[in-house]
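Structural overview for review
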Amino acid sequence: MFDENMTRILQEAVNEMLVWVGFGTLVGLAAKAIMPGKDPGGAVSTMLMGIGGSVVGCGTLMFFWDGARVTPISSIGFLAATGGAFILLFFYRLLSGSFFSEAEDGERWLHRRRRRRRARDLADETY
């Protein structure tokens, strides 16, 4: 059914996919460990964020570092991928509204936890 060349290509493709899944998971976990706060998503979103961060970080590094060949499985590649995943997580939190919330009472901004605590305190005072 499969000739030897096709089998070798299929094995290399599966190996490459497993390397990206494992590496993406490690990078996503590192980015979530660096950024404080409650993390959105589960294991699959962490893996996808790590893979996306690898593409963003390594691609950006290769774009600005002329003539460099950065592989994701290296120390420089890991740092660039973690930085890319960190940037993705930061913008996700920023755009989803879980990082900052609207101001109340003339303040410029409030962190969401502080706002909830303040709302509870105001509700307790009314009773």
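The rules behind each value
Residues numbered from 1 in each chain as written. Predicted model: local features only at pLDDT ≥ 70, side-chain atom pairs only at ≥ 80, totals over all residues. Heavy atoms only, no water. Helix = DSSP H or I, 4+ residues; strand = E, 2+ residues; numbered from the N terminus. Expected span 1.5 Å × (residues − 1). Buried < 20%, exposed > 50% of the residue type's maximum accessible area, 1.4 Å probe, protein only. Contact = heavy atoms within 4.5 Å. Phe/Tyr/Trp six-rings, centres within 6.5 Å; stacked < 30°, edge-to-face > 60°. UniProt positions renumbered as here; feature names shortened; annotations may be inferred. Patch = residues over 30% accessible without salt bridge, like charges linked within 9 Å, V, L, I, M, F, W, Y side chains within 5 Å. Areas by Shrake-Rupley, 256 points an atom, 1.4 Å probe, with all protein chains shown as cover. Salt bridge = Lys/Arg side-chain N within 4 Å of Asp/Glu carboxyl O.

When the terminal C-alpha atoms of helix α3 (residues 75–96) are compared, their 31 Å separation across 22 residues agrees well with the 32 Å that a helix rising 1.5 Å per residue should span. Listed in full, the buried residues belonging to α3 are G77, A80, A81, T82, G84, A85, L89 and R93. Those residues of α3 that are buried lie in contact with α1 (4–34) and α2 (43–64).

So, about the environment of I76. Its location among the elements puts I76 in helix α3. In this structure, the C-alpha to C-alpha distance between I76 and C58, residues 18 residues apart in sequence, is 8.8 Å. Non-local contacts of I76, meaning those with residues more than four positions away in its chain, are made with L61 and W65.

Moving on: the packing of aromatic side chains. Tallied over the full model, the rule gives 3 aromatic pairs. Measuring from ring centre to ring centre gives 5.1 Å for F63 and F64, while their planes differ by 80 degrees; the resulting arrangement is edge-to-face. Take F63: its relative accessible area is 64%, and that puts it in the exposed class.

Here, UniProt's "transmembrane region" (unreviewed entry) annotation points to residues 17–35, 47–65 and 71–92. Taken as a whole, residues 17–35 contains 95% helix and 0% strand, while its terminal C-alpha atoms sit 27 Å from one another. Annotated as residues 47–65, this span is 95% helix and 0% strand, and its ends, taken at the C-alpha atoms, are 26 Å apart.

Moving on to a nonpolar patch on the surface. A surface patch of nonpolar side chains, amounting to about 440 Å² of accessible area, comprises L10, V14, M17, L18 and V21. According to the relative accessible area criterion, V14 is partly exposed, its value standing at 40%.

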